[in-house]
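Chain by chain, the residues run as shown.
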Amino acid sequence: MALTQTAETRYTKPVLVAVNKPFDDEDGLQALRSHPLFSELNGKDLQHLIQQSRRIRLGHHQLLYRQDMPAHHFFFVISGRLRLYRLDSSGIDRTLDSIAPGDCFAEVMIYADPPRYACYAEALKSSEVLMIPVKAYQDMLESNPKYAQAALRHYAKRAVSRFHDLEIMTVQNARDRLIRYLIDLLPNGAEEGGEVELPLPKCLVASRLAMQPETFSRILADLKANGLVRVNRSRLFISDPQRLIEISQ
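Please read all numbers here as calculations on a predicted model, not as lab measurements.

## Things to note about the pattern of salt bridges
Right, on to step 1. Tallied over the entire structure, the rule returns 10 salt bridges.
Right, on to step 2. Note that Glu-195 is salt-bridged to Arg-235, the shortest N-O span being 3.0 Å. With a gap of 40 residues between them, Glu-195 in strand 10 (residues 194-197) and Arg-235 in strand 12 (residues 235-238) connect regions that are remote in the sequence.
Right, on to step 3. The class for Glu-195 is partly exposed, based on a relative accessible area of 47%.

## Thoughts on the packing of aromatic side chains
Right, on to step 1. Taken as a whole, this structure holds 11 aromatic pairs when the rule is applied.
Right, on to step 2. Pairing Tyr-65 with Tyr-117 gives two aromatic rings, centres 3.8 Å apart and planes at 15 degrees, and the pair type is stacked. Of the two residues, Tyr-65 is situated in strand 3 (residues 63-65) and Tyr-117 in the loop between strand 7 (104-105) and strand 8 (120-123); the sequence distance between them amounts to 52 residues. For the pair Tyr-65 and Tyr-117, one class covers both residues: buried.
Right, on to step 3. An angle of 5 degrees between the planes, with centres 5.1 Å apart, marks the rings of Tyr-85 and Tyr-120 as stacked. Note that Tyr-85 is positioned in strand 5 (residues 82-87) and Tyr-120 in strand 8, a separation of 35 residues in sequence.
Right, on to step 4. Residue Tyr-85 is classed as buried on the basis of its relative accessible area of 0%.
Right, on to step 5. Overall, Tyr-120 belongs to the buried group, its relative accessible area being 5%.
Right, on to step 6. An aromatic cluster is present here, built from Phe-38, Phe-74, Phe-76 and Tyr-137 joined pairwise through their rings.
Right, on to step 7. Directly above the ring of Tyr-85 sits Arg-83, whose terminal nitrogen or CZ lies 4.1 Å from the centroid.

## Comments concerning the nonpolar core
Right, on to step 1. Ranked by internal contacts, the top residues of the largest apolar core, which has 43 residues, are Phe-38, Leu-64, Tyr-65, Phe-74, Phe-75, Phe-105 and Tyr-137.
Right, on to step 2. Grouped together as the second largest cluster of nonpolar side chains are 27 residues, Ile-183, Met-211, Leu-220 and Ile-238 included.

## Quick look at the sheet that holds strand 6 (residues 93-99)
Right, on to step 1. Ordered in space as 3-8-5-6, the 4 strands form an open sheet in which the pairing is antiparallel. Edge positions in the open sheet fall to strand 3 and strand 6, since each of these has one partner strand only. Each adjacent strand pair in this sheet contributes to an overall mean axis angle of 30 degrees, direction not counted.
Right, on to step 2. Relative to strand 6, strand 5 is paired through 6 bridges, and the arrangement is antiparallel. Residue pairing for strand 6: Arg-83 is matched across the bridge by Ser-98.

## Observations concerning the sheet that holds strand 10
Right, on to step 1. Strands sit in the order 10-12-11 across an open sheet of 3 strands; the sheet is antiparallel. Single-partner strands in this sheet number two, and they are strand 10 and strand 11 (230-232). Adjacent strand axes in the sheet meet at a mean angle of 20 degrees, parallel and antiparallel pairs treated alike.
Right, on to step 2. Where strand 10 lies against strand 12, 4 bridges are found, and the strand directions are antiparallel. Across the sheet, Gly-194 pairs through a bridge with Ile-238, a residue of strand 12.

Rules used in this analysis
- Residues numbered from 1 in each chain as written.
- Predicted model: local features only at pLDDT ≥ 70, side-chain atom pairs only at ≥ 80, totals over all residues.
- Heavy atoms only, no water.
- Salt bridge = Lys/Arg side-chain N within 4 Å of Asp/Glu carboxyl O.
- Helix = DSSP H or I, 4+ residues; strand = E, 2+ residues; numbered from the N terminus.
- Buried < 20%, exposed > 50% of the residue type's maximum accessible area, 1.4 Å probe, protein only.
- Phe/Tyr/Trp six-rings, centres within 6.5 Å; stacked < 30°, edge-to-face > 60°.
- Lys NZ or Arg CZ within 6 Å of the ring centre and 35° of its normal.
- Core = buried A, V, L, I, M, F, W, Y, C linked by side-chain atoms within 4.5 Å.
- Pairing = 2+ DSSP bridges.
- Axes fitted to C-alpha atoms, helices over the stretch in contact; angles between N-to-C directions.

Below you can see the structure in the form of structure tokens.
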């Protein structure tokens, strides 16, 4: 979606939640322990890191941070969903990604020099995140090579994923970009059909794929008319992924 950004007027300070209360939600802790950046940490080090972190509650469309702000923290999503986006030189809003519970973001700040956030982070709904000090995590990496190796494996995996995203964006045809995006949402890719949920509102998916919302709606309607997808609000059912792939080749 190409809109002139008014982020500065929307920016309000995030709300600190349960500052003096430990992060003891069992589901949240399990998700944190399962993430590659934390899965190798022993219990004592993980608890020490959590004690230095803070829970943040964000309201709908509230900004967590702004592009080019100094970065002292990275974040783990406890609940809700966030959107990452940048402003181009003309002030146009470009969606980069959506972040779901169990995901980390801005973790590249661990190695950035100087550390500045490369984009905006905005809550798409009421959300909670764990705000983790970069310095505290850096200290643990320096003291334990095993932790550093796990972090590098995570970065390598993310880099491969980003290359795949770039590959999609180099496809010239807007219809083909949308088809490849939908295939990637399927749990088993092109191997098996199923139902998927768009992680962003349709207008923001259009922005993510560098097309106008009208173009997105027209292509989706065409796929629906040809029996290739069934659409129910933000949920899509793809019965035969191979047919989708065939028409994009």
